Amino acid sequence: MEQKPLVSVVCACYNEEQMLPLYYDAMKKQVLDNLDEYDFELIFINDGSKDRTLPILRELAAGDQRVKYLSFSRNFGKEAAMYAGMKHAKGEFACVMDCDLQDPPEMIGKMLQKLGEDDCDCVATRRVDRKGEPKLRSAFSRAFYRIINRISDTEFVDGARDFRMMRRCVVDAVLELGEYHRFSKGLFMWVGFDTRWLEYENVERAAGETKWSFWKLMAYAVEGIVSFSTVPLRIATILGSIVSALALVYMVIRVIIALIWGNPVAGYPSLLAITLCLGGFILLALGIIGEYVARTYMQVKNRPIYIQKETNIKD
Ligand code: UDP
Ligand code: MG
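Since the structure is predicted, the reported quantities are computational estimates derived from the model, not experimental observations.

Q: Talk me through the packing of aromatic side chains; I want residue IDs and the actual numbers.
A: Tallying each qualifying case throughout the model produces 14 aromatic pairs. For the ring pair Y38 and F93, a centre distance of 6.2 Å and an interplane angle of 85° mean the geometry is edge-to-face. Of this pair, Y38 sits in the loop between α1 (19–32) and β2 (39–46) while F93 sits in strand β4 (residues 93–98), and the two are 55 residues apart along the sequence. A residue is classified by how much of its surface remains accessible, and Y38, at 17% relative accessible area, is buried. Of the residues examined, F93 reaches a relative accessible area of 8% and is grouped as buried. Relative to F183, the ring of F144 lies with its centre 6.2 Å away and its plane at 70°, an arrangement referred to as edge-to-face. A residue pair is termed long-range when its members are at least 10 positions apart, and F144 in helix α5 (residues 135–151) and F183 in the loop between α6 (168–176) and α7 (184–190) qualify at 39 residues. Judged on exposure class, the residue F144 and its partner F183 are both buried. Linked through ring pairs, F144, Y145, F156, F183, Y220 and F228 together constitute an aromatic cluster. If you follow R74 out to its NZ or CZ, it ends over the ring of F76, 3.8 Å from the centre.

Next comes the structure, spelled out in structure tokens:
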């Protein structure tokens, strides 16, 4: 019998005890038992969950040999989890998705079909709307995409999800990027390859709650910008140059005024204003430099992206 192509489905889980059984059932019904032309392996990464996620994964693995799991020693973040999952994926095709059913499992069939029909390397998904999302959050993410696309050479697609199906060559390329601070949305685009997009409407989380607070999302946005652009560093230089030039002009004017009319009472409010302004710019510039230095520092330490504690995956 001819061997079927293997598809690895990678799924990061953090405190998903409510979602896991629902996700597994949906996957079994719509994917595992439905798409006969393929073999599947489900790779779950337990990202240091504090609830019953790990015991549930053990149970699922005991009942279905297609279920693989790997558990981290603590929470390393979704990006690290996706990296670990892709590293252990053995399939000719690999798909990354969330286990909260916001990435509809029925799309997997469509993605595989498109991959074959279009003969492309990667089929990615994007949400066409942001239904059910707080207004402020939507506004900030739109602003983020506008800014990053202007200052980075890598293209960022608004509404793009991490949910995508890749051929082996793309997976290997992404794994080659061993950076500690991972911004996958950018990494997937940076590696290139022929990527096609499938669109779908936003689905709200079926159970449990989102792990992304507003501040976590802000930090994620800074991560994206700093990882994929050095333009902010230049802002510091430009700002510094403008302020220095203005200061020079101001000095010349003061000298001329003093020569013509003498030096009246020194204007201390303007002095204070200028000092505060300069102080602000300097701190801003230092902060921007700091963001980059911190990342360089973390990378130079060469720490592993994750630490594994338990797994049923045999290499
Ligand atoms: N996740 C993770 N580690 C984290 C946070 C989240 O592995 O530190 C997983 C989570 O279990 C889910 C996916 O990443 O499968 C997306 O998380 P969430 O649904 O909270 O994000 P949202 O869909 O709201 O962007
Ligand atoms: Mg979600």
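There's plenty left to go through after this.
Q: Would you mind going over the coordination of the magnesium ion (ligand 2) in detail, with residue names and values included?
A: Ideal donor angles around a metal are set by the shape: a four-donor tetrahedron calls for 109.5 degrees, a six-donor octahedron for 90 or 180 degrees. Those protein atoms acting as donors to the magnesium ion (ligand 2) are D100 (OD) and Q102 (OE1), and they sit at 1.8 Å. The exposure class assigned to D100 is buried, which follows from its relative accessible area of 4%. Accessibility expressed as a relative area gives 18% for Q102, which makes it buried.

Q: Hey, could you go over the pattern of salt bridges for me, with residue numbers and the actual values?
A: Under the counting rule described, the total for this entry stands at 17 salt bridges. With a closest N to O distance of 3.8 Å, R52 and E59 form a salt bridge. The structure contains a network of salt bridges with shared partners spanning K78, D98, D103, R161, D162 and K185.

Q: Talk me through the state of the cysteines; I want residue IDs and the actual numbers.
A: One pass over the full model with this rule turns up zero disulfides. Unpaired in terms of disulfides, C95 finds its nearest cysteine sulfur in C11, a separation of 9.2 Å. Residue C99 stays outside any disulfide, its sulfur separated by 4.0 Å from that of C13, the closest cysteine. On the accessibility criterion, C99 (1% relative accessible area) is buried.

Q: A description of helix α9 (residues 231–261) should follow, citing residues and the corresponding values.
A: In this model, α9 (31 residues) spans 45 Å end to end at C-alpha, consistent with the 45 Å of a helix rising 1.5 Å per residue. Buried within α9 we find P232, A236 and V243. Positive phi appears at G262, one or two residues downstream of α9, with a value of about 80°.

Q: Account for the nonpolar core, with residues named and values stated.
A: One finds V9, Y23, F40, F44, I108, L112 and M165 to be the most contacted residues of the largest nonpolar core, which totals 41 residues. With eight residues, the top contributor of residues to this core is α1. With residues up to four places along the chain from it excluded, the contact list for V9 reads Y23, M27, F40, E41, L42, I43, C95, M97 and I108. Grouped together as the second largest cluster of nonpolar side chains are 39 residues, V10, I43, L70 and F76 included.

Q: Now, about the environment of V170: what can you tell me, with residues and values included?
A: Note that V170 resides in helix α6. With sequence-adjacent residues up to four places away left out, V170 is seen in contact with D121, C122, V191 and F193.

Q: Which residues make up unusual backbone geometry, and what values do they have?
A: At L101, a residue that is not glycine, the phi angle is positive and equals roughly 65°. Its location among the elements puts L101 in the loop between β4 and α4 (107–118). The class of L101 is buried, set by a relative accessible area of 18%. Despite not being glycine, N302 has its phi angle at roughly 55°, a positive value. A relative accessible area of 62% means that N302 is categorised as exposed.

Conventions adopted
Residues numbered from 1 in each chain as written. Chains lettered and ligands numbered in written order. Predicted model: local features only at pLDDT ≥ 70, side-chain atom pairs only at ≥ 80, totals over all residues. Heavy atoms only, no water. Phe/Tyr/Trp six-rings, centres within 6.5 Å; stacked < 30°, edge-to-face > 60°. Helix = DSSP H or I, 4+ residues; strand = E, 2+ residues; numbered from the N terminus. Buried < 20%, exposed > 50% of the residue type's maximum accessible area, 1.4 Å probe, protein only. Lys NZ or Arg CZ within 6 Å of the ring centre and 35° of its normal. Donors = N, O, S within 2.8 Å, 3.2 Å for Na, K, Ca; no water. Salt bridge = Lys/Arg side-chain N within 4 Å of Asp/Glu carboxyl O. Disulfide = S-S within 2.5 Å. Expected span 1.5 Å × (residues − 1). Core = buried A, V, L, I, M, F, W, Y, C linked by side-chain atoms within 4.5 Å. Contact = heavy atoms within 4.5 Å.

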